[in-house]
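# Secondary and tertiary structure notes
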Amino acid sequence: IMELKFNKINPNVYEAVFEATSDFNIHLERKSTGMLVIKQSGIANGAFDTAFNLGINAREVIDYDFGALIYPKWIKVVSGSEILKGEVTFA
């Protein structure tokens with residue numbers, strides 16, 4: 001299990017980046033509802049593309065499995081609500 005470390009980008013945006021080396025689950029517990037976007041890049045230090053967008057009314061608790069055909073992937077989690085707990089579990 002990897003604990004995600006979120007950086008406060010501005011008063012309404014929190015971001016965390018990690019490297020995924022296999023299929024994974026993201027578990028987030030947030031202070032309130034709000035925007036949630038998960039982005040990916042297939043190269044280190046590359047630009048991110050939106051892979052998963054729950055929009056502006058995303059739930060307080062997010063628990064979702066992700067899989068890909070090619071690894072590694074670099075994943076950026078962007079939240080419009082403060083993250084109280086964020087963990088990634090790998091397959």
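Before any of the text, the structure's been laid out above.
Keep in mind the model is a prediction, meaning the values are calculated, not measured.

## Section: the pattern of salt bridges
A complete count under the given rule lists three salt bridges for this structure. Taking the shortest distance from any N to any O, the salt bridge between K31 and E82 comes out at 3.8 Å. Of the two residues, K31 is situated in the loop between β4 (24-30) and β5 (34-41) and E82 in the loop between β8 (73-79) and β9 (83-90); the sequence distance between them amounts to 51 residues. On the basis of relative accessibility, which here comes to 56%, the residue K31 falls in the exposed class.

## Structural notes on the environment of E19
Mapped onto the secondary structure, E19 falls in strand β3 (residues 13-20). It is 9.5 Å that separates the C-alpha atoms of E19 and S41, two residues lying 22 residues apart in sequence. In contact with E19, not counting residues within four places along its chain, are M2, P72, K73, W74 and F90.

## Section: the side chain of K73
With respect to the helices and strands, K73 occurs in strand β8. The buried charged residue K73 lacks any salt bridge partner; its closest oppositely charged side chain belongs to D23, at an N-O distance of 9.7 Å. Discounting chain neighbours no more than four positions away, the residues touching K73 are F18, E19, A20, Q40, S41 and A68.

Conventions adopted
- Residues numbered from 1 in each chain as written.
- Predicted model: local features only at pLDDT ≥ 70, side-chain atom pairs only at ≥ 80, totals over all residues.
- Heavy atoms only, no water.
- Salt bridge = Lys/Arg side-chain N within 4 Å of Asp/Glu carboxyl O.
- Helix = DSSP H or I, 4+ residues; strand = E, 2+ residues; numbered from the N terminus.
- Buried < 20%, exposed > 50% of the residue type's maximum accessible area, 1.4 Å probe, protein only.
- Contact = heavy atoms within 4.5 Å.
- Lys, Arg positive; Asp, Glu negative; His and termini not counted.

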